[in-house]
Amino acid sequence: MRKVRLAVFGYGNRAKKYLTYLESHPGEIELAGIVDIDKGRLEEARQKYPSCGQIFYSSSDDFFSSADNVDAVIIGTPDDTHYGLCMKALEHGCHVLLEKPAAQTMSQCRDIMAESARQKAHVILCYVLRYHPLYACLKEILASAKYGDIVSINHIVNVGIDRTCHTFVRGPWGDSMTTNPMIVSKCCHDLDLIVWLTGQKAKRVSSFGSLKWFRAENAQQGSAGRCIDCGIENRCPFSAPDLYLRRKEWTGNFIVPQGSTLEEVLEKEMREGRYGRCVYHCDNDVVDHQVLSMVMDNDIVVTLSMDCFTMKDSRITDIKCVFGEITVQDNMIRARDFNTGEESVWDFSSVAGLPLHAGADLKIVEEFIGKVRASKETERTDKAAASGAPEISNSMESHRICFMAEESRLSGMTVSDI
Ligand SMILES: NC(=O)c1ccc[n+]([C@@H]2O[C@H](COP(=O)([O-])OP(=O)(O)OC[C@H]3O[C@@H](n4cnc5c(N)ncnc54)[C@H](O)[C@@H]3O)[C@@H](O)[C@H]2O)c1
């Protein structure tokens, strides 16, 4: 069978991870294009894939006007480009592995679902947690029915101070217009988990939250526009030099040009870049805390708390069932059976920290490529039998909930559809 001709839009952090699949499965995929608007990233791709010929493009238009017979694309570009690129890829008959969030409004999400069905093309959203061994195990435990029906779920997303400052205050995800409301960009994964674990849609959603702290009026006395000019930087828990220069956290995504060093890039960033700004003097408008409560179609009730002011960077899930309770925390699942009092423990601490979301990033590519190959096979033998792709509507429920939550947060009303 002919290899899957695959293109990648956005040669960044995420796409490079998905592309490592090629190394272990060279017989399945032929690279048909790498598209990135950043010259440095494109050059990096050229050096990584020197024998691939003229497959490097600086725009998706150039790519689509020259590349032939493309079966599938991976979209790993920033959030505000997902919708346009996904629609374009679908119109060109491609299957799509699409980074989350799929789009910036529910109406755009519906367009993607409709176009995917019209083209009979798969669109798989990169909900990698579904492929993570810990959550795959949790899904099996719930499916076994040992603990009975789920009654309620309490889920905490500890975003953490460092991630909040890097991503949602100084970084591009602080701007809800060019990315999304934070509940969408950060918690669509979590709400997808809840939809996937319960198999239910949301009936009603309420949400509260605001941008309480990272605003100009809270700037501390002695602070300055940039941390390097700040008189109280060494006492500030949100200091950029402390995060990047002293603790060396969150430095992996800075591009280091040839002939330069990471230290030089970071020094320059502290003086001129967005990541050297004081957290009270950024252009952020997304919330710094939000809670959501909802009731699902079968009356399961769910709460979710998105917490930025914590040093923890983790998820905690508490599931109450009629015959037992299950807690997921610190890479462990603990379940207590009400009938016997027995506690069962599943320990994932040895795998949870492994790269590529403990292999989940590659599993999702494997599933995607498998579906594309199966679809090509079906088309070859019986074109009319090529099936549509229901998986996208299933994953879009999380987006519907996130957009309903944002509507509720802004309006103060409980929302039952959007
Ligand atoms: N599934 C997950 O667990 C997960 C985790 C982190 C980020 N993400 C999502 O992945 C996406 C990419 O994030 P990232 O961290 O890889 O970003 P990144 O900045 O590392 O990479 C994005 C790349 O896209 C390029 N680009 C921008 N606009 C483009 C366009 N119109 N056409 C082609 N290339 C373009 C940029 O130059 C950059 O190289 C984001 O939407 C983010 O929300 C998902």
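Residues numbered from 1 in each chain as written. Predicted model: local features only at pLDDT ≥ 70, side-chain atom pairs only at ≥ 80, totals over all residues.

Caption draft 1: Inspection of the overall build of the protein at higher detail. Along its length, the protein carries 14 helices and 14 strands. Relative to the 2.2 N^0.38 estimate, which gives 22 Å for 418 residues, the radius of gyration of the protein is 22 Å and therefore close to what a compact globule would have. Along the three orthogonal principal directions, the C-alpha set of the protein runs to about 70 × 65 × 45 Å. Put simply, the protein has 418 residues, and 40% of those count as buried. By sequence separation, contacts in the protein at least 24 residues apart represent 73% of the contacts at least 6 residues apart. (Helix = DSSP H or I, 4+ residues; strand = E, 2+ residues; numbered from the N terminus. Rg over C-alpha atoms; globule rule 2.2 N^0.38 Å. Buried ≥ 20, exposed ≤ 12 C-beta atoms within 10 Å, placed from the backbone. Contact = placed C-beta atoms within 7 Å.)

Caption draft 2: Local environment of the packing of helix α5 (residues 106-118) against helix α14 (residues 391-411). α14 packs onto α5 with a crossing angle of 175° between their chain directions and a minimal axis gap of 10 Å. Here α5 lies roughly antiparallel to α14, going by the angle between them. Across from M106, C109, I112, M113 and S116 in α5, the residues of α14 making contact are I392, S393, M396, H399, R400 and F403. Tallied by class, the residues present in the contact of α5 with α14 amount to 7 nonpolar, 3 polar and 1 charged. (Axes fitted to C-alpha atoms, helices over the stretch in contact; angles between N-to-C directions. Parallel < 35°, antiparallel > 145°, perpendicular 65-115°, else oblique. Nonpolar A, V, L, I, M, F, W, Y, C, P; charged D, E, K, R; others polar.)

Caption draft 3: Summary view of the sheet that holds strand β6 (residues 123-125). Pairing in this open sheet of 6 strands is parallel, and the strands run β3-β2-β1-β4-β5-β6 from one edge to the other. The open sheet has two edge strands, β3 (56-57) and β6, and neither has a second partner. Sheet topology places strand β1 (residues 4-9) next to strand β4 (residues 72-75); 4 bridges connect them, and they run parallel. Bridging from a neighbouring strand, V8 pairs with I74 of β4. (Pairing = 2+ DSSP bridges.)

Caption draft 4: Molecular detail of the site of the ligand. In the region of the ligand, 23 residues are neighbours, and G10, G12, N13, R14 and D38 sit closest. Taken together, the elements giving at least two residues each to the shell around the ligand come down to α1 (13-24) and α4 (79-91). (Near = placed C-beta within 6 Å.)

Caption draft 5: Spotlight on the pairing of strand β12 (residues 324-329). Along β12, the buried face is formed by G324, I326 and V328; none of E325, T327 and Q329, which line the opposite face, is buried. Linking two consecutive strands that pair antiparallel, namely strand β11 (residues 314-321) and β12, is a turn of 2 residues.

Caption draft 6: Here's a closer look at the domain arrangement of the protein. Looking at the assigned domains, one finds that the protein contains domain 1 (4-129 + 356-388), domain 2 (131-214 + 284-352 + 400-411) and domain 3 (216-276). Each of domain 2 and domain 3 was reduced to a C-alpha centroid, and the two centroids are 31 Å apart. Taken together, the contacts link 6 residues of domain 2 with 8 residues of domain 3. Within the side of domain 2 that touches domain 3, the residues separate by chemical class into 3 nonpolar, 1 polar and 2 charged. (Domains from an automatic or database assignment.)

Caption draft 7: Structural view of the packing of helix α8 (residues 182-198) against α14. For the pair α8 and α14, the least separation of the axes is 8 Å and the interaxial angle reads 125°. Taken together, the axes of α8 and α14 lie oblique to each other. Once α8 is placed against α14, the crossing between them reads as right-handed. Of α14, the residues touching α8 (which contributes I183, V184, C187, C188, L191, D192 and V195) are S395, E397, S398, H399, I401, C402, F403, A405 and E406. When the residues that make up the contact of α8 with α14 are grouped by side-chain class, the tally is 10 nonpolar, 3 polar and 3 charged. (Left-handed = near helix turned anticlockwise from the far one by under 90°.)

Caption draft 8: Region of interest: the environment of Y83. Following the sequence through the fold, Y83 ends up in helix α4. Looking at Y83, the number of C-beta atoms within 10 Å reads 21, which means it is buried. In this structure the C-alpha to C-alpha distance between Y83 and H166, which are 83 residues apart in sequence, comes to 25 Å. Setting aside residues up to four positions removed in sequence, Y83 forms contacts with A103, Q104, Q108 and I112.

Caption draft 9: Structural view of unusual backbone geometry. In this model, K100 is joined to P101 through a cis peptide bond whose omega is -15°. One can find P101 in the loop between β5 (95-98) and α5. You will see that N331, though not glycine, has its phi angle at about 65°, which is positive. One can find N331 in the loop between β12 and β13 (332-337). Look at N331 and you get partly exposed, because 17 C-beta atoms sit within 10 Å.

Caption draft 10: Spotlight on the pairing of β1. Taken across its 6 residues, β1 has 6 buried, putting it largely inside the fold. The two faces of β1 match: V4, L6 and V8 on one face and R5, A7 and F9 on the other face are all buried. Note that β1 and strand β2 (residues 29-35) share 6 bridges and pair parallel. From the neighbouring strand, R5 faces β2, where its bridge partner is E30.

Caption draft 11: Spotlight on the environment of S176. Along the chain, the position of S176 falls in the loop between α7 (161-170) and α8. Note on S176: 19 C-beta atoms within 10 Å, which makes it partly exposed. Distance from S176 to V286, taken between C-alpha atoms, is 5.8 Å for residues 110 residues apart in sequence. Residue contacts for S176: discarding those within four places in its chain leaves P181, D285 and V286.

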